[in-house]
Amino acid sequence: MSLPAFAADMTANMTLGARAHRVAAVAAEFADRVDRDGRFPREAVDVMKAERLLGIQIPAAFGGESATTQEIAEVCSILGQACAASAMVFAMHQIKVSSLVEHGGGSEWHEGFMRELASRQLLVASATTEAGIGGNMRNSICAIEVDGETCRLTKDATVISYGAHADAIMVTSRSGEKAAATDQVMTVFKRGQYTIDKTVDWDTLGMRGTCSDGFLFKGEAPAAQIFPKPFAEIAAQSMLATSHLLWSAVWYGIAADAVQRAQSFVRAAARKSNGAMPPGATRLAEASNLLQLLKANIVAGLKTYADAKADPDQLSSMAFSIAMNNVKLASSETILVIINQAMIICGIMGYKNGTPYSLGRHLRDAHSAQLMISNDRILGNTSTMLLVQKPDTSLLG
Amino acid sequence: MNETIRELLAKVGGLPVAVETLEDGADLYAAGLSSFASVQLMLAIEEKFDIEFPDNLLNRKSFASISAIETTVAQILKAREAA
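Here's what I pulled together on the structure shown here. All of these numbers come straight from a predicted model, not from anything done at the bench.

A look at the overall build of chain A
Argument step 1. Counting its secondary structure elements, chain A contains 13 helices and seven strands.
Argument step 2. Taken over C-alpha atoms, the radius of gyration comes to 22 Å for chain A, in line with the 21 Å a tight globule of 397 residues would show.
Argument step 3. In terms of overall dimensions, chain A has a C-alpha envelope of 80 × 60 × 45 Å along the principal axes.
Argument step 4. Within chain A, the proportion of its 397 residues that are buried is 48%.
Argument step 5. Counting contacts in chain A only where the partners sit at least 6 residues apart, residues at least 24 apart contribute 75% of the total.

Topic: the overall build of chain B
Argument step 1. If you tally the helices and strands in chain B, you get three helices and zero strands.
Argument step 2. Element order for chain B, N to C, with α for helix and β for strand: α-α-α.
Argument step 3. For chain B, whose C-alpha radius of gyration is 12 Å, the value lies close to the compact-globule estimate of 12 Å for 83 residues.
Argument step 4. With respect to the principal axes defined by its C-alpha atoms, chain B has extents near 40 × 20 × 20 Å.
Argument step 5. Within the span of chain B, comprising 83 residues, buried residues form 31% of the whole.

Quick word on the pairing of strand S1 (residues 124-127) of chain A
All names here are of chain A.
Argument step 1. Alternating residues of S1 divide into Val124 and Ser126 and Ala125 and Ala127, and every residue in both groups is buried.
Argument step 2. Here four bridges tie S1 to strand S4 (residues 168-174), and the two strands are oriented parallel to one another. When the bridges of S4 are listed, Ser126 appears paired with Met170.

Considerations on the interface of chain B and chain A
Argument step 1. If you look at the interface, chain B gives 17 residues, while chain A gives 19 residues.
Argument step 2. Grouping the constituent residues of the side of chain B that touches chain A by class yields 10 nonpolar, four polar and three charged.

Cut-off values and rules
Residues numbered from 1 in each chain as written. Chains lettered and ligands numbered in written order. Predicted model: local features only at pLDDT ≥ 70, side-chain atom pairs only at ≥ 80, totals over all residues. Helix = DSSP H or I, 4+ residues; strand = E, 2+ residues; numbered from the N terminus. Rg over C-alpha atoms; globule rule 2.2 N^0.38 Å. Buried ≥ 20, exposed ≤ 12 C-beta atoms within 10 Å, placed from the backbone. Contact = placed C-beta atoms within 7 Å. Pairing = 2+ DSSP bridges. Nonpolar A, V, L, I, M, F, W, Y, C, P; charged D, E, K, R; others polar.

So far we have only geometry, and geometry alone does not tell us how the molecule works.
Put into structure tokens, the structure is as follows:
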């Protein structure tokens, strides 16, 4: 190979897409075992680290690659086509990193942590849910205790996804002993600064590899590790949007793989039937239509976020919250319809495990989508906002 | 106007603290104003002042404190006079 050709080849190998596909290949290989055993997708996450995907969102100035939310969503969808649990771990990690990037700038400790995350490829988890808050992460019962330069926190966290495998955990709490339940802060605790004792097992229908066990968290760290911005602002300005968009990208990946399997099934059947239209062919056309609708919904949401990022007022507006809520509602509901169509197309071969057309894992993983922040809660929030928000009737915004 | 806003806040804000104890500039979200209650407050203010909040003012900032609400309402009333 000539030197320029070699260089061009190297560059192609180093694109985000190529790196994501290499992780996806490993994730796909272990997907069924991760699902069956409900274990952490260690192999896939190791390759994410080797391909240096965990730090891509960190600004280049701090050793990352300044990847945009669109680029990260693309990686989520590539991984989602291989192993939904691996993809979801990656997505959740990037959601935490977005809080760091969007709200940690200007704080010396958080900037240092960004550098460390990019250089050591640290996996970040979060503890936002708590026993007794009824699933509303914008309320906390636990309070952080600031004692001079040190802060201490104990939290009965009902869910810390991949908590036992993380290198750091971001934990929400009330800002102090006297603070109201909604007056929250978020603090980064690095491994070694906390202990976690498992209280609840994650034995679920799907998304089994995220290992979202419950833990009693106890941490002590320098108080500088508390985010300088209130959590309400972090939640509204980065977490809400990135969660809905990156989750949707993972879900799109699951649905896209289901459609791909259904299409292979129909094509194989068509080849055998000497050109006669197989029974599932029309249904495949419908599934492809829905998949395109799902894709358009997510792409439009990503663009809305990219546009709003330039304007903090826009980011905390009701119109923006409603738009993001709608992306999540539509994606989480549509994937179930799509995967169900694919299942009907593939028939018993889709229903059985261990065939090239198996869709059981897809369907079970996809069922988590409506529950990760309950769609009922989201509908409730949107309907409240619609009492005052005027409808946006424009086509192009 | 300040008095009226305080009355409405006491009525629909559902705050865990007494409204009289809040400074005009105090952060209402930190004081416990939920997003649901903030919408109730917006509706009550729309009704009381016979106004409608335009979408560009429907954000956290406009309702972050009693004085922010005053500014927002005054801005709408002024725009209406000018029209």
